[in-house]
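Chain by chain, the residues run as shown.
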Amino acid sequence: MPMEIRRLLRNKPGIWDLPELPDIGGPTSLEGEIQISQQESALAIGAKKGWYGVNGATGLLQAALLALVKPKQSVLMPRNIHKCIINACLLGDMNPVLFDLPFLEDRGHFVPPNISWFKSVLQAIEKENVEISAVVLTNPFYQGYAVDLKPFITLLHEKNWPVLIDEAHGAYFSSNADDSLPESGLQAGADLVVHSLHKSANGLVQTAALWWQGNLVDPDQIERSIVILQTTSPSALLLASCEAAIAELTSLQGKQKLKKIISKARELNIQLRQEGLPLLENQDPLKLILHTASIGINGMEADSWLISKGMIAELPEPGTITFCLGFAIQRGLTKVMKNYWDELLSSNLERKTFPPFTKPNFPLITILGTSCLSAFIADTVKVPLEDSIGRISSDLISPYPPGIPILFPGELLDQNRIDWMIEQRNFWPTQIPSEIKVIS
Ligand SMILES: Cc1ncc(COP(=O)(O)O)c(C=O)c1O
(Lines give C-alpha, C1' and ligand atoms only; values in the text may rest on other atoms or scores of the structure.)
Protein backbone atom coordinates (compact mmCIF):
# COMPACT_ATOMS: atom_id res chain seq x y z
CA MET A 1 0.00 0.00 0.00
CA PRO A 2 1.21 3.55 -0.62
CA MET A 3 2.72 5.21 2.43
CA GLU A 4 0.00 7.92 2.61
CA ILE A 5 -2.70 5.29 2.93
CA ARG A 6 -0.77 3.35 5.53
CA ARG A 7 -0.38 6.56 7.53
CA LEU A 8 -4.03 7.40 7.14
CA LEU A 9 -5.10 3.98 8.38
CA ARG A 10 -2.86 4.28 11.42
CA ASN A 11 -4.87 7.34 12.50
CA LYS A 12 -7.84 7.22 14.86
CA PRO A 13 -10.31 4.62 13.49
CA GLY A 14 -12.83 6.22 11.16
CA ILE A 15 -11.09 9.59 10.83
CA TRP A 16 -10.94 9.00 7.09
CA ASP A 17 -14.62 8.08 6.75
CA LEU A 18 -15.95 11.36 5.38
CA PRO A 19 -19.09 12.05 3.36
CA GLU A 20 -19.16 14.29 0.28
CA LEU A 21 -18.39 17.50 2.20
CA PRO A 22 -18.42 20.70 0.10
CA ASP A 23 -14.64 21.10 0.18
CA ILE A 24 -14.06 17.51 -0.86
CA GLY A 25 -16.85 16.90 -3.36
CA GLY A 26 -16.91 13.67 -5.35
CA PRO A 27 -15.86 12.26 -8.73
CA THR A 28 -18.58 14.10 -10.64
CA SER A 29 -18.69 17.34 -8.61
CA LEU A 30 -17.86 20.51 -10.46
CA GLU A 31 -15.42 21.56 -7.78
CA GLY A 32 -13.74 20.31 -4.63
CA GLU A 33 -10.56 18.42 -3.80
CA ILE A 34 -11.57 15.26 -5.62
CA GLN A 35 -12.14 17.18 -8.84
CA ILE A 36 -8.71 18.81 -8.54
CA SER A 37 -7.08 15.52 -7.67
CA GLN A 38 -8.69 13.73 -10.65
CA GLN A 39 -7.52 16.46 -12.99
CA GLU A 40 -3.96 16.27 -11.68
CA SER A 41 -3.95 12.48 -11.92
CA ALA A 42 -5.26 12.63 -15.49
CA LEU A 43 -2.50 15.01 -16.55
CA ALA A 44 0.12 12.89 -14.81
CA ILE A 45 -1.00 9.68 -16.51
CA GLY A 46 -1.33 11.35 -19.93
CA ALA A 47 -5.11 11.69 -20.26
CA LYS A 48 -7.24 14.79 -20.79
CA LYS A 49 -9.66 13.95 -18.00
CA GLY A 50 -10.24 11.21 -15.45
CA TRP A 51 -12.67 9.91 -12.84
CA TYR A 52 -12.00 7.83 -9.76
CA GLY A 53 -14.30 4.90 -9.13
CA VAL A 54 -15.44 3.16 -5.95
CA ASN A 55 -17.18 0.19 -7.56
CA GLY A 56 -14.19 -1.39 -9.23
CA ALA A 57 -13.45 -1.43 -12.93
CA THR A 58 -16.96 -2.88 -13.21
CA GLY A 59 -18.68 0.41 -12.33
CA LEU A 60 -16.56 2.54 -14.64
CA LEU A 61 -16.60 0.14 -17.59
CA GLN A 62 -20.37 0.08 -17.35
CA ALA A 63 -20.60 3.88 -17.14
CA ALA A 64 -18.26 4.23 -20.12
CA LEU A 65 -20.28 1.82 -22.22
CA LEU A 66 -23.59 3.46 -21.33
CA ALA A 67 -22.10 6.74 -22.52
CA LEU A 68 -20.87 5.28 -25.81
CA VAL A 69 -23.73 3.11 -27.00
CA LYS A 70 -27.46 3.88 -27.20
CA PRO A 71 -30.22 1.30 -26.78
CA LYS A 72 -30.44 -1.14 -29.75
CA GLN A 73 -27.03 -0.07 -31.07
CA SER A 74 -24.23 -2.60 -31.51
CA VAL A 75 -20.91 -2.78 -29.72
CA LEU A 76 -18.02 -4.94 -30.91
CA MET A 77 -16.09 -6.93 -28.30
CA PRO A 78 -13.99 -10.08 -27.96
CA ARG A 79 -15.51 -13.39 -27.02
CA ASN A 80 -13.69 -13.44 -23.67
CA ILE A 81 -15.14 -10.14 -22.50
CA HIS A 82 -15.62 -9.73 -18.74
CA LYS A 83 -19.19 -10.29 -17.61
CA CYS A 84 -19.55 -6.72 -16.36
CA ILE A 85 -19.62 -5.54 -19.99
CA ILE A 86 -22.43 -7.93 -20.82
CA ASN A 87 -24.26 -6.67 -17.74
CA ALA A 88 -23.84 -3.15 -19.15
CA CYS A 89 -25.40 -4.38 -22.40
CA LEU A 90 -28.36 -5.59 -20.34
CA LEU A 91 -28.63 -2.26 -18.53
CA GLY A 92 -28.48 -0.21 -21.72
CA ASP A 93 -30.23 -2.68 -24.08
CA MET A 94 -27.15 -2.77 -26.32
CA ASN A 95 -26.33 -5.51 -28.78
CA PRO A 96 -22.96 -7.14 -28.22
CA VAL A 97 -21.25 -8.33 -31.39
CA LEU A 98 -18.71 -10.90 -30.26
CA PHE A 99 -15.56 -11.76 -32.15
CA ASP A 100 -13.76 -15.05 -31.70
CA LEU A 101 -10.16 -15.30 -30.51
CA PRO A 102 -7.21 -17.61 -31.02
CA PHE A 103 -7.07 -20.38 -28.45
CA LEU A 104 -4.14 -22.39 -27.06
CA GLU A 105 -5.14 -25.99 -26.60
CA ASP A 106 -2.27 -26.98 -24.30
CA ARG A 107 -3.59 -24.74 -21.50
CA GLY A 108 -7.15 -23.88 -22.50
CA HIS A 109 -6.62 -20.12 -22.80
CA PHE A 110 -7.84 -17.57 -25.27
CA VAL A 111 -4.96 -15.35 -26.40
CA PRO A 112 -5.03 -11.93 -28.05
CA PRO A 113 -5.52 -11.87 -31.82
CA ASN A 114 -2.90 -10.57 -34.20
CA ILE A 115 -3.73 -7.75 -36.55
CA SER A 116 -4.52 -9.98 -39.53
CA TRP A 117 -7.02 -11.93 -37.40
CA PHE A 118 -8.59 -8.63 -36.42
CA LYS A 119 -8.77 -7.46 -40.05
CA SER A 120 -10.74 -10.63 -40.86
CA VAL A 121 -13.10 -9.75 -38.02
CA LEU A 122 -13.64 -6.30 -39.48
CA GLN A 123 -14.24 -7.78 -42.94
CA ALA A 124 -16.84 -10.13 -41.47
CA ILE A 125 -18.56 -7.16 -39.81
CA GLU A 126 -18.61 -5.34 -43.13
CA LYS A 127 -20.00 -8.38 -44.91
CA GLU A 128 -22.80 -8.73 -42.37
CA ASN A 129 -23.47 -5.02 -42.72
CA VAL A 130 -23.59 -4.41 -38.95
CA GLU A 131 -23.37 -0.83 -37.81
CA ILE A 132 -20.96 -0.60 -34.90
CA SER A 133 -21.23 2.27 -32.40
CA ALA A 134 -18.21 1.48 -30.25
CA VAL A 135 -15.57 -1.16 -29.60
CA VAL A 136 -14.35 -2.65 -26.33
CA LEU A 137 -11.00 -4.42 -26.25
CA THR A 138 -9.47 -6.21 -23.26
CA ASN A 139 -5.74 -5.76 -22.85
CA PRO A 140 -4.00 -7.43 -21.08
CA PHE A 141 -5.94 -10.63 -20.56
CA TYR A 142 -6.26 -11.92 -17.00
CA GLN A 143 -3.23 -14.20 -17.39
CA GLY A 144 -1.04 -11.31 -18.56
CA TYR A 145 -1.15 -11.86 -22.34
CA ALA A 146 -0.99 -8.50 -24.09
CA VAL A 147 -0.60 -7.05 -27.58
CA ASP A 148 0.55 -3.78 -29.07
CA LEU A 149 -2.80 -2.02 -29.33
CA LYS A 150 -1.79 0.82 -31.65
CA PRO A 151 -2.48 -0.89 -35.00
CA PHE A 152 -5.86 -2.12 -33.72
CA ILE A 153 -6.89 1.32 -32.56
CA THR A 154 -5.66 2.92 -35.80
CA LEU A 155 -7.90 0.58 -37.82
CA LEU A 156 -10.88 1.34 -35.62
CA HIS A 157 -10.32 5.07 -35.69
CA GLU A 158 -10.21 4.97 -39.49
CA LYS A 159 -13.85 3.94 -39.17
CA ASN A 160 -14.51 6.62 -36.56
CA TRP A 161 -15.42 3.99 -33.98
CA PRO A 162 -14.60 5.02 -30.41
CA VAL A 163 -12.46 2.51 -28.52
CA LEU A 164 -12.78 1.62 -24.84
CA ILE A 165 -9.94 -0.45 -23.40
CA ASP A 166 -10.64 -2.69 -20.44
CA GLU A 167 -7.19 -2.40 -18.88
CA ALA A 168 -8.38 -3.74 -15.53
CA HIS A 169 -5.25 -5.88 -15.29
CA GLY A 170 -2.78 -3.40 -16.74
CA ALA A 171 -3.03 -0.15 -14.78
CA TYR A 172 0.65 -0.23 -14.03
CA PHE A 173 1.58 -0.41 -17.74
CA SER A 174 0.77 3.31 -17.87
CA SER A 175 3.65 3.98 -15.48
CA ASN A 176 6.22 3.36 -18.25
CA ALA A 177 8.42 2.27 -15.37
CA ASP A 178 10.23 -0.22 -17.54
CA ASP A 179 10.83 -0.32 -21.29
CA SER A 180 9.78 -3.95 -21.45
CA LEU A 181 6.22 -3.27 -20.26
CA PRO A 182 3.46 -3.45 -22.86
CA GLU A 183 2.22 -0.05 -23.98
CA SER A 184 -0.87 1.20 -22.16
CA GLY A 185 -4.15 1.84 -23.95
CA LEU A 186 -3.72 5.57 -23.34
CA GLN A 187 -0.38 5.64 -25.12
CA ALA A 188 -1.83 3.56 -27.92
CA GLY A 189 -4.48 6.25 -28.50
CA ALA A 190 -7.64 4.67 -27.03
CA ASP A 191 -10.50 7.07 -26.37
CA LEU A 192 -11.33 5.60 -22.98
CA VAL A 193 -9.31 3.37 -20.68
CA VAL A 194 -10.45 1.77 -17.43
CA HIS A 195 -8.04 0.64 -14.74
CA SER A 196 -8.84 -1.61 -11.83
CA LEU A 197 -6.51 -0.02 -9.29
CA HIS A 198 -6.90 -2.86 -6.82
CA LYS A 199 -6.06 -5.46 -9.44
CA SER A 200 -3.07 -3.93 -11.14
CA ALA A 201 -1.93 -1.03 -8.95
CA ASN A 202 -1.83 -0.71 -5.19
CA GLY A 203 -5.32 0.67 -4.55
CA LEU A 204 -7.71 -0.77 -1.99
CA VAL A 205 -10.33 -3.26 -3.15
CA GLN A 206 -13.05 -1.52 -5.25
CA THR A 207 -10.80 1.33 -6.45
CA ALA A 208 -10.64 2.11 -10.17
CA ALA A 209 -10.08 4.92 -12.65
CA LEU A 210 -11.52 5.90 -16.02
CA TRP A 211 -9.45 8.03 -18.41
CA TRP A 212 -10.64 10.04 -21.38
CA GLN A 213 -8.76 11.55 -24.34
CA GLY A 214 -9.25 12.25 -28.04
CA ASN A 215 -12.27 13.80 -29.69
CA LEU A 216 -14.64 10.93 -30.44
CA VAL A 217 -16.30 10.80 -27.01
CA ASP A 218 -18.13 13.54 -25.14
CA PRO A 219 -16.84 13.66 -21.55
CA ASP A 220 -20.15 15.19 -20.33
CA GLN A 221 -21.91 12.07 -21.49
CA ILE A 222 -19.49 9.94 -19.47
CA GLU A 223 -20.11 12.03 -16.40
CA ARG A 224 -23.88 11.65 -16.76
CA SER A 225 -23.49 7.89 -16.91
CA ILE A 226 -21.23 7.82 -13.86
CA VAL A 227 -23.88 9.79 -11.95
CA ILE A 228 -26.47 7.16 -12.86
CA LEU A 229 -24.40 4.21 -11.67
CA GLN A 230 -22.39 5.58 -8.78
CA THR A 231 -23.41 5.84 -5.14
CA THR A 232 -24.14 9.37 -3.93
CA SER A 233 -21.83 8.64 -0.99
CA PRO A 234 -18.48 7.53 -2.44
CA SER A 235 -16.06 6.42 0.26
CA ALA A 236 -13.44 9.09 0.98
CA LEU A 237 -10.99 6.37 1.95
CA LEU A 238 -11.38 4.67 -1.44
CA LEU A 239 -11.05 8.00 -3.26
CA ALA A 240 -7.88 8.76 -1.30
CA SER A 241 -6.65 5.31 -2.23
CA CYS A 242 -7.32 6.02 -5.95
CA GLU A 243 -5.25 9.20 -5.72
CA ALA A 244 -2.38 7.51 -3.90
CA ALA A 245 -2.33 4.48 -6.22
CA ILE A 246 -2.13 6.69 -9.32
CA ALA A 247 0.56 8.83 -7.70
CA GLU A 248 2.64 5.68 -7.32
CA LEU A 249 2.31 4.98 -11.04
CA THR A 250 3.20 8.49 -12.11
CA SER A 251 5.71 9.85 -9.56
CA LEU A 252 9.43 9.43 -10.07
CA GLN A 253 9.77 7.64 -6.76
CA GLY A 254 6.87 5.31 -7.53
CA LYS A 255 8.29 4.47 -10.96
CA GLN A 256 11.68 3.68 -9.46
CA LYS A 257 10.03 1.35 -6.96
CA LEU A 258 8.05 -0.30 -9.75
CA LYS A 259 11.13 -0.73 -11.92
CA LYS A 260 12.75 -2.61 -9.07
CA ILE A 261 9.66 -4.77 -8.52
CA ILE A 262 9.51 -5.61 -12.24
CA SER A 263 13.15 -6.53 -12.36
CA LYS A 264 12.78 -8.74 -9.24
CA ALA A 265 9.75 -10.40 -10.84
CA ARG A 266 11.75 -11.17 -13.98
CA GLU A 267 14.53 -12.66 -11.88
CA LEU A 268 12.00 -14.79 -10.01
CA ASN A 269 10.55 -16.02 -13.30
CA ILE A 270 13.99 -17.06 -14.59
CA GLN A 271 14.94 -18.75 -11.32
CA LEU A 272 11.68 -20.69 -11.11
CA ARG A 273 12.12 -21.94 -14.68
CA GLN A 274 15.65 -23.01 -13.82
CA GLU A 275 14.19 -24.91 -10.87
CA GLY A 276 11.93 -26.76 -13.30
CA LEU A 277 8.59 -25.02 -12.74
CA PRO A 278 6.57 -25.00 -15.99
CA LEU A 279 5.85 -21.28 -16.38
CA LEU A 280 4.16 -20.12 -19.56
CA GLU A 281 5.17 -17.06 -21.58
CA ASN A 282 3.16 -13.89 -21.18
CA GLN A 283 3.77 -10.14 -21.43
CA ASP A 284 2.99 -9.01 -17.87
CA PRO A 285 6.03 -9.59 -15.66
CA LEU A 286 3.92 -9.47 -12.48
CA LYS A 287 1.79 -12.45 -13.52
CA LEU A 288 3.18 -15.98 -13.34
CA ILE A 289 1.28 -18.71 -15.18
CA LEU A 290 2.01 -22.15 -13.78
CA HIS A 291 1.09 -24.87 -16.26
CA THR A 292 -0.28 -27.56 -13.93
CA ALA A 293 -1.83 -29.54 -16.80
CA SER A 294 1.73 -30.27 -17.99
CA ILE A 295 2.13 -32.54 -14.96
CA GLY A 296 -1.41 -33.89 -15.22
CA ILE A 297 -2.87 -31.83 -12.34
CA ASN A 298 -5.99 -29.73 -12.62
CA GLY A 299 -5.25 -26.09 -11.72
CA MET A 300 -8.40 -25.82 -9.58
CA GLU A 301 -7.37 -28.83 -7.50
CA ALA A 302 -3.80 -27.58 -7.20
CA ASP A 303 -5.20 -24.22 -6.09
CA SER A 304 -7.32 -25.69 -3.26
CA TRP A 305 -4.29 -27.69 -2.18
CA LEU A 306 -2.08 -24.56 -2.21
CA ILE A 307 -4.67 -22.53 -0.28
CA SER A 308 -4.65 -25.21 2.41
CA LYS A 309 -0.89 -24.59 2.67
CA GLY A 310 -1.34 -20.79 2.82
CA MET A 311 -0.37 -19.90 -0.78
CA ILE A 312 -3.08 -17.87 -2.50
CA ALA A 313 -3.09 -17.59 -6.28
CA GLU A 314 -5.04 -15.05 -8.33
CA LEU A 315 -6.66 -17.22 -10.98
CA PRO A 316 -7.08 -21.00 -10.88
CA GLU A 317 -8.22 -22.59 -14.15
CA PRO A 318 -8.44 -26.19 -15.33
CA GLY A 319 -4.99 -26.15 -16.97
CA THR A 320 -3.11 -23.46 -15.08
CA ILE A 321 -2.82 -21.32 -11.98
CA THR A 322 -1.97 -17.65 -12.48
CA PHE A 323 -0.21 -15.89 -9.61
CA CYS A 324 -0.27 -12.13 -9.18
CA LEU A 325 2.92 -10.86 -7.59
CA GLY A 326 1.58 -7.41 -6.70
CA PHE A 327 3.70 -4.46 -5.70
CA ALA A 328 5.33 -5.88 -2.59
CA ILE A 329 8.99 -6.78 -2.67
CA GLN A 330 8.80 -10.56 -2.46
CA ARG A 331 11.61 -11.97 -0.39
CA GLY A 332 12.55 -15.63 -0.61
CA LEU A 333 9.69 -16.42 -2.97
CA THR A 334 11.80 -18.60 -5.28
CA LYS A 335 12.48 -20.99 -2.45
CA VAL A 336 8.91 -20.93 -1.17
CA MET A 337 7.45 -21.61 -4.61
CA LYS A 338 10.01 -24.29 -5.41
CA ASN A 339 9.20 -26.05 -2.11
CA TYR A 340 5.47 -25.96 -2.78
CA TRP A 341 6.11 -27.22 -6.29
CA ASP A 342 8.11 -30.19 -5.00
CA GLU A 343 5.38 -30.95 -2.47
CA LEU A 344 2.74 -30.68 -5.19
CA LEU A 345 4.68 -33.16 -7.34
CA SER A 346 4.79 -35.70 -4.54
CA SER A 347 1.24 -34.98 -3.32
CA ASN A 348 -1.52 -37.51 -3.80
CA LEU A 349 -3.55 -35.18 -6.02
CA GLU A 350 -5.05 -37.07 -8.93
CA ARG A 351 -2.81 -37.13 -12.03
CA LYS A 352 -4.21 -37.67 -15.46
CA THR A 353 -3.08 -37.14 -19.00
CA PHE A 354 -4.78 -33.98 -20.16
CA PRO A 355 -6.04 -34.24 -23.71
CA PRO A 356 -5.77 -30.89 -25.52
CA PHE A 357 -8.38 -28.44 -24.20
CA THR A 358 -11.09 -28.18 -26.83
CA LYS A 359 -11.44 -24.89 -28.60
CA PRO A 360 -15.05 -23.77 -28.38
CA ASN A 361 -16.54 -23.77 -31.82
CA PHE A 362 -17.55 -20.12 -32.13
CA PRO A 363 -18.02 -18.40 -35.48
CA LEU A 364 -15.62 -15.52 -36.22
CA ILE A 365 -18.36 -13.09 -35.25
CA THR A 366 -21.54 -13.77 -33.32
CA ILE A 367 -24.51 -11.48 -33.78
CA LEU A 368 -27.30 -12.36 -31.41
CA GLY A 369 -30.65 -13.05 -33.05
CA THR A 370 -32.44 -11.99 -29.86
CA SER A 371 -31.24 -8.99 -27.90
CA CYS A 372 -29.46 -9.68 -24.62
CA LEU A 373 -32.02 -7.71 -22.64
CA SER A 374 -35.11 -9.20 -24.22
CA ALA A 375 -33.71 -12.70 -23.64
CA PHE A 376 -32.84 -11.82 -20.05
CA ILE A 377 -36.29 -10.52 -19.17
CA ALA A 378 -38.28 -13.01 -21.28
CA ASP A 379 -40.51 -15.67 -19.75
CA THR A 380 -38.29 -18.66 -19.28
CA VAL A 381 -38.30 -22.34 -18.60
CA LYS A 382 -35.50 -24.38 -17.06
CA VAL A 383 -34.30 -27.28 -19.15
CA PRO A 384 -31.43 -29.76 -18.77
CA LEU A 385 -28.40 -28.62 -20.77
CA GLU A 386 -28.63 -31.73 -22.94
CA ASP A 387 -32.20 -30.81 -23.96
CA SER A 388 -31.59 -27.20 -24.86
CA ILE A 389 -30.65 -27.59 -28.54
CA GLY A 390 -32.34 -24.96 -30.67
CA ARG A 391 -33.38 -22.89 -27.64
CA ILE A 392 -32.28 -19.34 -26.79
CA SER A 393 -30.48 -18.81 -23.50
CA SER A 394 -31.81 -16.35 -20.95
CA ASP A 395 -28.89 -17.08 -18.64
CA LEU A 396 -25.47 -15.48 -18.34
CA ILE A 397 -23.22 -18.36 -17.34
CA SER A 398 -19.80 -17.28 -16.26
CA PRO A 399 -17.43 -19.20 -13.97
CA TYR A 400 -15.70 -16.80 -11.57
CA PRO A 401 -12.83 -16.18 -11.64
CA PRO A 402 -12.15 -15.32 -14.44
CA GLY A 403 -15.68 -13.93 -14.96
CA ILE A 404 -15.64 -14.74 -18.68
CA PRO A 405 -19.09 -15.81 -19.86
CA ILE A 406 -19.37 -19.12 -21.64
CA LEU A 407 -22.99 -18.38 -22.51
CA PHE A 408 -24.79 -15.05 -23.00
CA PRO A 409 -28.48 -14.19 -22.78
CA GLY A 410 -29.79 -14.18 -26.34
CA GLU A 411 -27.39 -16.86 -27.65
CA LEU A 412 -28.78 -19.72 -29.66
CA LEU A 413 -27.79 -23.11 -28.29
CA ASP A 414 -26.60 -25.63 -30.83
CA GLN A 415 -25.14 -29.11 -30.46
CA ASN A 416 -21.53 -27.86 -30.56
CA ARG A 417 -22.11 -25.38 -27.79
CA ILE A 418 -23.90 -27.86 -25.58
CA ASP A 419 -21.16 -30.49 -26.07
CA TRP A 420 -18.56 -27.90 -25.12
CA MET A 421 -20.53 -26.73 -22.09
CA ILE A 422 -20.94 -30.29 -20.87
CA GLU A 423 -17.18 -30.73 -21.21
CA GLN A 424 -16.65 -27.46 -19.29
CA ARG A 425 -18.97 -28.72 -16.53
CA ASN A 426 -16.39 -31.35 -15.70
CA PHE A 427 -13.95 -28.55 -14.95
CA TRP A 428 -16.31 -26.12 -13.17
CA PRO A 429 -18.95 -28.49 -11.74
CA THR A 430 -20.30 -26.03 -9.18
CA GLN A 431 -20.38 -23.06 -11.53
CA ILE A 432 -21.95 -24.47 -14.66
CA PRO A 433 -25.46 -25.65 -13.85
CA SER A 434 -26.88 -28.82 -15.30
CA GLU A 435 -30.08 -26.94 -16.15
CA ILE A 436 -30.31 -23.57 -17.85
CA LYS A 437 -33.01 -20.99 -18.33
CA VAL A 438 -34.13 -20.68 -21.93
CA ILE A 439 -36.84 -18.51 -23.46
CA SER A 440 -40.09 -20.40 -23.04
C1 LIG B 1 -10.85 -8.23 -17.63
C2 LIG B 1 -11.61 -7.72 -16.45
N3 LIG B 1 -12.29 -6.58 -16.57
C4 LIG B 1 -12.98 -6.04 -15.53
C5 LIG B 1 -13.01 -6.68 -14.31
C6 LIG B 1 -13.78 -6.06 -13.19
O7 LIG B 1 -12.88 -5.49 -12.29
P8 LIG B 1 -13.31 -5.07 -10.81
O9 LIG B 1 -13.23 -6.31 -9.98
O10 LIG B 1 -12.32 -4.04 -10.41
O11 LIG B 1 -14.70 -4.55 -10.86
C12 LIG B 1 -12.31 -7.88 -14.14
C13 LIG B 1 -12.35 -8.59 -12.87
O14 LIG B 1 -11.92 -9.70 -12.72
C15 LIG B 1 -11.59 -8.42 -15.24
O16 LIG B 1 -10.92 -9.58 -15.13
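Residues numbered from 1 in each chain as written. Predicted model: local features only at pLDDT ≥ 70, side-chain atom pairs only at ≥ 80, totals over all residues. Heavy atoms only, no water.

### Details of the domain arrangement of the protein chain
Worth spelling out the cut-off: Domain borders in the structure are assigned automatically or taken from a domain database. Any pair of residues with heavy atoms lying within 4.5 Å of one another is described as a contacting pair. When two components associate, each loses some accessible surface as probed by a 1.4 Å sphere; the sum of these losses over both components is called the buried area. Every case where a carboxyl oxygen of Asp or Glu lies within 4 Å of a side-chain nitrogen of Lys or Arg is listed as a salt bridge. Polar contact is the term for a pair of N or O atoms within 3.5 Å; when the atoms are in protein, one must be able to donate a hydrogen and the other to accept it, and sequence-neighboring residues count only if both atoms are side-chain atoms. Numbered from the N terminus, helices here are DSSP runs of H or I no shorter than four residues, and strands are runs of E no shorter than two.
On domain assignment, one finds that the protein chain holds domain 1 (3-252) and domain 2 (368-439). At the junction of the two partners, domain 1 supplies 15 residues and domain 2 supplies 18 residues. Carbon and sulfur atoms supply 67% of the area buried between domain 1 and domain 2, which totals about 1400 Å² over both sides. When the buried area of domain 1 at its contact with domain 2 is split by residue, Arg 79, Lys 83 and Leu 90 rank highest and sum to 40% of it. Our enumeration of links across domain 1 and domain 2 arrives at one salt bridge. In this structure, Arg 79 engages Glu 411 in a salt bridge whose closest nitrogen and oxygen atoms are separated by 3.0 Å. For the interface between domain 1 and domain 2, the tally reads two residue pairs in polar contact (both at pLDDT 80 or more). Going through the elements one at a time, helix H4 (83-92) and strand E3 (95-99) are the ones with two or more residues in the side of domain 1 that touches domain 2. No other element matches the four residues that H4 contributes to the side of domain 1 that touches domain 2.

### Brief notes about the nonpolar core
We count it as follows: Within this scheme, the nonpolar core is defined by two criteria: the residues are buried Ala, Val, Leu, Ile, Met, Phe, Trp, Tyr or Cys, and they are joined through side-chain atoms within 4.5 Å. The rule is simple: take the accessible area with a 1.4 Å probe, protein chains only, and divide by the maximum for that residue type; under 20% is buried, over 50% is exposed, in between is partly exposed.
Membership of the largest hydrophobic core comes to 105 residues, with the highest contact counts inside it found for Leu 76 and Leu 137. Ranked by residue count, the leading element in this core is helix H9 (residues 236-250), at seven residues. The residue makeup of this core includes at least three contributed by each of domain 1 (3-252) and domain 2 (368-439). In this structure, Leu 76 is in contact with Val 97, Phe 99, Val 121, Leu 122, Ile 125, Ile 132, Ala 134, Val 135, Val 136 and Trp 161, ignoring residues within four places of it in sequence. Counting residues in hydrophobic clusters, the runner-up holds 36 residues, among them Leu 164, Trp 212, Leu 368 and Phe 408.

### A word on a negative patch on the surface
Applied cut-off: For patch building, the residue pool is restricted to those with more than 30% relative accessible area and no salt bridge; the joining distance is 9 Å between like charges and 5 Å between nonpolar side chains (Val, Leu, Ile, Met, Phe, Trp, Tyr). The Shrake-Rupley method, run with a 1.4 Å probe sphere, supplies the accessible areas, and residue values consider only the shown protein chains as cover. Only four residue types enter the tally: Lys and Arg on the positive side, Asp and Glu on the negative side; His and the chain ends are excluded. Lys charges are placed at NZ, Arg charges at CZ, Asp charges at CG and Glu charges at CD.
Where like charges cluster on the molecular surface, the negative patch consists of Glu 4, Asp 23, Glu 33, Glu 40 and Glu 243. By the element assignment, Glu 243 lies in helix H9. For Glu 243, a relative accessible area of 39% gives the class partly exposed.

### What to know about the packing of H9 against helix H10 (residues 252-274)
For clarity, the cut-off: The axes used here are C-alpha line fits, helices contributing only the stretch in contact, and every angle between their N-to-C directions lies in the interval 0 to 180 degrees. An angle counts as roughly parallel when it lies under 35 degrees, as roughly antiparallel when it exceeds 145, as roughly perpendicular when it falls between 65 and 115, and as oblique in every other case.
At a minimum axis distance of 5 Å, the contact between H9 and H10 shows a crossing angle of 75°. The orientation of H9 relative to H10 falls into the category roughly perpendicular. Contacts between H9 and H10 pair Glu 248, Leu 249 and Thr 250 from the former with Leu 252, Gly 254, Lys 255, Lys 257 and Leu 258 from the latter.

### Quick notes on the pattern of salt bridges
Under the defined criterion, the tally for this structure stands at 13 salt bridges. Taking the shortest distance from any N to any O, the salt bridge between Glu 281 and Arg 273 comes out at 3.9 Å. Accessibility expressed as a relative area gives 58% for Glu 281, which makes it exposed. Residue Arg 273 is classed as partly exposed on the basis of its relative accessible area of 32%. One continuous salt-bridge network, built from bridges that share partners, spans Arg 79, Glu 411 and Arg 417.

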